[in-house]
Amino acid sequence: MIVCIAVVGHQNNPLYIQSFTEADDALKLHHIVHCSLDVVDERVNNPKKSAPTLNETFLGLLYPTENYKVYGYLTNTKVKFIMVTTDLDVRDADVRNFFRRFHAAYVDAVSNPFHVPGKKITSRTFAERVSTIVKSFGLNSAG
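What counts, and at which threshold
- Residues numbered from 1 in each chain as written.
- Predicted model: local features only at pLDDT ≥ 70, side-chain atom pairs only at ≥ 80, totals over all residues.
- Heavy atoms only, no water.
- 1 Å grid on protein atoms, 1.4 Å probe; cavity = no way out; pocket = protein on both sides within 12 Å on 5 of 7 lines; lining within 4 Å.
- Points joined across faces, edges and corners; volume = space filled by probe spheres on them.
- Nonpolar A, V, L, I, M, F, W, Y, C, P; charged D, E, K, R; others polar.
- Phe/Tyr/Trp six-rings, centres within 6.5 Å; stacked < 30°, edge-to-face > 60°.
- Helix = DSSP H or I, 4+ residues; strand = E, 2+ residues; numbered from the N terminus.
- Buried < 20%, exposed > 50% of the residue type's maximum accessible area, 1.4 Å probe, protein only.
- Salt bridge = Lys/Arg side-chain N within 4 Å of Asp/Glu carboxyl O.
- Pairing = 2+ DSSP bridges.
- Axes fitted to C-alpha atoms, helices over the stretch in contact; angles between N-to-C directions.
- Contact = heavy atoms within 4.5 Å.
- Expected span 1.5 Å × (residues − 1).
- Core = buried A, V, L, I, M, F, W, Y, C linked by side-chain atoms within 4.5 Å.
- pLDDT = per-residue confidence, 0-100.

Tell me what's going on with the layout of surface pockets, and back it up with residues and numbers.
Put simply, the second largest pocket is a space of about 230 Å³. Its residues placed into classes, the lining of the second largest pocket shows 6 nonpolar, 7 polar and 1 charged.

Let's hear about the packing of aromatic side chains: which residues, and what values?
For any pair of aromatic rings, geometry is given as the distance between the ring centres together with the angle between the planes. Under the definition given, this model contains 10 aromatic pairs. With 4.9 Å between their ring centres and 80° between their planes, Tyr16 and Phe126 make a pair best called edge-to-face. Of this pair, Tyr16 sits in strand β2 (residues 14–19) while Phe126 sits in helix α4 (residues 124–142), placing them 110 residues apart in sequence. A single burial state applies to Tyr16 and to Phe126, both of which are buried. Considering the side-chain rings of Phe98 and Phe137, the 5.6 Å spacing of their centres and the 70° angle between planes classify their relative orientation as edge-to-face. Here Phe137 lies in helix α4 and Phe98 lies in helix α3 (residues 92–110), a separation of 39 residues in the sequence. Residue Phe137 is classed as buried on the basis of its relative accessible area, which comes to 4%.

Explain the pattern of salt bridges to me, and be specific about the residues and the numbers.
Inspection of the entire model under this criterion finds 2 salt bridges. Close ionic contact of Arg91 with Asp94 constitutes a salt bridge, the shortest N to O distance being 3.1 Å. Between Asp108 and Arg129 there is a salt bridge, with the nearest N and O atoms lying 2.4 Å from each other. Here Asp108, found in helix α3, pairs with Arg129, found in helix α4; they are 21 residues apart in sequence, far enough to count as distant.

With reference to specific residues and values, describe the sheet that holds strand β3 (residues 58–64).
Spatial ordering of the open sheet is given by β2-β1-β5-β4-β3, a layout of 5 strands whose pairing is antiparallel. Across the chains shown, the open sheet's two edge strands, defined by having one partner strand only, are β2 and β3. Strand-to-strand twist across the sheet, computed as the mean angle between neighbouring axes with direction ignored, equals 15°. Relative to β2, strand β1 (residues 2–8) runs antiparallel, the two sharing 5 bridges. By the bridge assignment, Cys4 is partnered in β2 with Ser19. Contacting β1, β2, β3, β4 (69–74) and β5 (80–85), α3 crosses the sheet at an angle of about 135° to β5.

Describe the environment of Gln11, listing the residues and the values that go with them.
Note that Gln11 resides in the loop between β1 and β2. Sequence separation between Gln11 and Val79 is 68 residues; the distance between their C-alpha atoms is 8.5 Å.

Any details on α3? Residues and values, ideally.
Between its first and last C-alpha, α3 extends 26 Å over 19 residues, near the 27 Å set by a 1.5 Å rise per residue. Those residues of α3 not exposed but buried are Asp94, Val95, Phe98, Phe99, Phe102, His103, Ala105, Tyr106 and Ala109.

Give me the nonpolar core: which residues, what numbers.
Counting 25 residues, the largest nonpolar core has Met83, Phe98, Phe99 and Phe126 as its most contacted members. Looking at this core, the elements that each hand over two or more residues are β1, β2, β4, β5, α3 and α4. It is α3 that contributes the most residues to this core, 7 residues altogether. Core analysis: the next-biggest nonpolar cluster, separate from the first, contains 18 residues, Leu37, Val39, Tyr68 and Leu74 among them.

Help me get a handle on the confidence of the model for the protein chain, residues and values and all.
Counting all residues, the mean pLDDT for the protein chain is 87, and 89% of those residues have values of 70 or more. Mean pLDDT across the elements of the protein chain ranges from a minimum in helix α2 (residues 47–50), with 58, to a maximum in β5, with 96.

See the structure below:
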């Protein structure tokens with residue numbers, strides 16, 4: 001189950017963070033997302049060690065914790081997508097598919113002429129679309 005999804009700008013500024021758990025876990029999940037940015041920067045700056053190709057946008061498993069697994073994705077504009085999940089046996093193909101769908105939703109949201117680049121994403125349509133993608137991820141990985 002996905003418990004948190006985040007969009008982080010190229011200057012590590014949060015553009016969108018959504019938790020899908022109780023309110024008391026939200027701060028903990030925000031901290032996990034923030035800590036994962038160091039791992040993303042390390043993988044981007046040292047591609048020989050971890051990434052098979054330079055054009056690969058899926059960063060894979062950033063790090064596991066006791067209760068969560070954190071996955072990352074990097075767009076061409078250096079915007080980072082972070083996903084925190086409680087599922088310990090997630091297939092990379094499912095995560096890649098999730099990030100592809102999430103990236104498409106993000107592109108639609110920032111293509112809105114009223115959206116200011118680099119500012120938080122406040123679109124209700126984007127939030128609803130993210131919720132739909134997250135719910136479908138849970139159904140796909142359970143089947």
